[in-house]
Amino acid sequence: MVYKKALNLSVTFLLIFILTGCSSTRKNVEQILFGGGNNNEAEIVSNAIPGSSQDFTVNVGDRVFFATNSTSLDDDAKAILERQASWLELYPEISIIVEGHADERGTREYNIALSAKRADIAVAYLESLGIAGDRVETVPYGKERPVAACSSEACWSQNRRAVSVVIIE
Amino acid sequence: MTNRMNRFIFSLFFLLFYSTTSQAALEIDVTEGNLRPMPIAITTVIDRQNEQLGLGLDITKVIASDLAGSGLFYPINPKAFLDEVNSVDRSPNFNSWRVINAEALFTAELVYDNERYRINYKLWDTFTEKSLEANYLVFSKSKWRNVAHMIADTIYTRLTDEKGYFDTQIAFIAESGPKTERIKRLAIMDQDGQNAVLLTSGRDLVLTPRFSPNGKELVYLSYRNGQPQVYIYDIQSKQTYVVGTFPGITFAPRFSPDGKKIIMSLQEGVGSNLFEMDLSNFDRKRLTNTSDINTAPSYSPDSSNIVFESDKSGTQQLYVMDANGNNVRRISFGTGSYSTPVWSPRGDYIAFTKISKGRFMIGVMFTDGSGERIITDGFHNEGPTWAPNGRVLMFFRESPGEDGGPMIYSVDITGYNERKIETPGYASDPSWSALMN
């Protein structure tokens, strides 16, 4: 909960900095927000080039997760997508591909449709937050690209996901 | 007492035997789980012009392996043979075959002439001493496996009164590499796992191949252009082309029974709907129009109906509709969810994957949903495909865990005679062809 608040706060700060054109001091703000370089996370944060895909993955969060056979976004998923939308507003030249994924506990073709629906629902939420539809594509991978290989809920929960991949042109 | 009893049992046995043989000389009922395979003597194909017994012996082995693999026949070990067959023209000494319990006898000889082979073969009923089949095939050497499968199909047909399924191929996905970075290639092999050929390089993710009814093309899913789209692969020319341009993702393609149309799913916003595309002009026709996941379609063999899966009830269930999309009715009502329905080529059954209590099963039901029967049950069984005679299924079974992966199995629709198909590596998404010749 505290973490989530901190993240929302960080988005707000970032927005303020972009709006006021003080991007050069952004690193300092992040260090304040994330604890001033005293832990690993803050170090990664300070190393990621703002506007890079690393920045997006580490500082914003590139993925949201789903319950079994579900396509609905829970509060955690919505919070991440809100941060993604804010970040995308900072970098209007960047577009993304949202990959939909499912766990191995379904049949192949159903999982393609399910993962397509997951990606579409994530995109619809981004669009509702003001991200233009032409900046976002989707690819459904079904159960074909798991990130975790074990055959238990610990892995399946990581595989039921929609991942936003940054395209920098 | 024992004498009278013995005589009674003997006469009972005689009656039983007499009544079965009087109707049809020798016949196996393939609809029952067959626990006693028919003993058959398959004599080595006589090969006078080749002292090494090379080709004749190879053909013999394939015929015996096909028949044994069906689970309906028991080829007798040639070491038990009391008689030697030196010619297909002479009538065999039936008694010497009856003594070793051979109910049927196969004899054949190979003649080589002008770079063509000719095989003359006969099938005998050793009890009635009648010839059930006398025929020949002319072939070039490279086709010897097909010839062996065709002869095995003929033997199967004469002794079961059902069409065979040995001279067929399986399209499948050959899998390699770790689970998180699996490489998938389009592949085909003979029904017995021989002659496996990889058709794609593995650069693009490919899934769910299905044979065209004439066996010359495959329709499948490829991520060639980043997005999953339906493609057709021409096996002879090795050419690929995309099946129409849709405003979205297309998947789950199948040929119509006449091979002139493709039915598939189109993902559109919140749902996936079924479309039919005419391959002659790429005209497309919408068959469903809901915000659910409607996929995995399969035509009835007479093209009048389509079975598919939909989650409109909240879970995946099976539905049948008229071929024009009207008159949708649910047919699956058991516990759990149902998917990947496939209509039998005979029209009598629908095979499916069932998921219940975290287990994945393969089953069959009649086309109205009655008579559900589970054929195999375990951690993960998926994607049944029918042999052209509608009596045998293949499916894939995935083992759990980080090193887990799929293998293809065949099984009778009775649930008996499950066999793993030997493939070079992991293999999934089998699709059984029609008879090739």
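Residues numbered from 1 in each chain as written. Chains lettered and ligands numbered in written order. Predicted model: local features only at pLDDT ≥ 70, side-chain atom pairs only at ≥ 80, totals over all residues.

*Asks:* Would you explain helix α4 (residues 144-160) of chain B in this entry?
*Replies:* In an α-helix, one turn spans 3.6 residues, which is why side chains three or four residues apart end up on the same side. All names here are of chain B. A rise of 1.5 Å per residue sets the reference length of α4, with its 17 residues, at 24 Å; its end C-alpha atoms lie 24 Å apart and thus fit the reference within 8%. With 12 of its 17 residues buried, α4 lies for the most part within the structure. Buried-residue contacts for α4 involve β1 (38-42), α2 (54-69), β3 (104-113), β4 (116-125) and β5 (130-139). Phi for D161, located one or two positions after α4, is positive at around 65 degrees. (Helix = DSSP H or I, 4+ residues; strand = E, 2+ residues; numbered from the N terminus. Expected span 1.5 Å × (residues − 1). Buried ≥ 20, exposed ≤ 12 C-beta atoms within 10 Å, placed from the backbone. Contact = placed C-beta atoms within 7 Å.)

*Asks:* What should I look at first to understand the domain arrangement of chain B in this one?
*Replies:* A common way to state how big an interface is: give the accessible area lost once the parts meet. Residue and element names in this part refer to chain B. On domain assignment, one finds that chain B holds domain 1 (21-160) and domain 2 (169-432). Taken together, the contact pairs 9 residues of domain 1 with 11 residues of domain 2. When residues of the side of domain 1 that touches domain 2 are assigned to their parent elements, the largest contribution, 3 residues, is made by α2. Residue composition of the side of domain 1 that touches domain 2, by class: 1 nonpolar, 5 polar and 3 charged. (Domains from an automatic or database assignment. Nonpolar A, V, L, I, M, F, W, Y, C, P; charged D, E, K, R; others polar.)

*Asks:* Which parts of the structure should I look at to understand the interface of chain A and chain B?
*Replies:* If you look at the interface, chain A gives 18 residues, while chain B gives 30 residues. Elements with a contribution of two residues or more to the side of chain A that touches chain B: α6 (108-128) and β3 (136-140) of chain A. The dominant element in the side of chain A that touches chain B, judged by the number of residues it contributes, is α6(A), at 9 residues. Class assignment of the residues belonging to the side of chain A that touches chain B gives a composition of 11 nonpolar, 2 polar and 5 charged.

*Asks:* I'm lost on the sheet that holds strand β8 (residues 197-198) of chain B in this one. Help?
*Replies:* Sheets are built from strands that pair by backbone hydrogen bonding, the pairs being arranged parallel or antiparallel. Residue and element names in this part refer to chain B. Spatial strand order, β8-β7-β6-β29: 4 strands in an open sheet with antiparallel pairing. The open sheet terminates on both sides in strands that have one partner only, identified here as β8 and β29 (426-432). Summarising the sheet, strand β6 (residues 169-176) and strand β7 (residues 183-190) pair through 8 bridges and their orientation is antiparallel. Directly across from I170, in β7, lies its bridge partner M189. (Pairing = 2+ DSSP bridges.)

*Asks:* Hey, could you run me through the sheet that holds strand β12 (residues 240-242) of chain B in this one?
*Replies:* All names here are of chain B. The antiparallel open sheet is built from 4 strands, whose spatial order is β9-β10-β11-β12. With partners counted over all chains shown, the strands left at the sheet margins are β9 (206-211) and β12, one partner each. The sheet shows a mean angle of 30 degrees between the axes of neighbouring strands, direction not considered. Relative to β12, strand β11 (residues 227-234) is paired through 3 bridges, and the arrangement is antiparallel. Pairing of Y233 across the sheet is with T240, part of β12. (Axes fitted to C-alpha atoms, helices over the stretch in contact; angles between N-to-C directions.)

*Asks:* Is there a simple way to explain the packing of α2(B) against α4(B) in this structure?
*Replies:* Helix-helix packing: each pair is described by the crossing angle between the helix axes and the interaxial distance. Residue and element names in this part refer to chain B. At their nearest, the axes of α2 and α4 sit 9 Å apart, and the two run at 45 degrees to each other. One way to sum up the angle between α2 and α4 is to call them oblique. Of the two elements, α2 crosses α4, and the hand of that crossing is right-handed. Residues L55, D58, I59, V62, I63, D66 and L67 of α2 touch α4, and the partners they reach there are W144, R145, V147, A148, H149, I151, A152, I155 and Y156. (Parallel < 35°, antiparallel > 145°, perpendicular 65-115°, else oblique. Left-handed = near helix turned anticlockwise from the far one by under 90°.)

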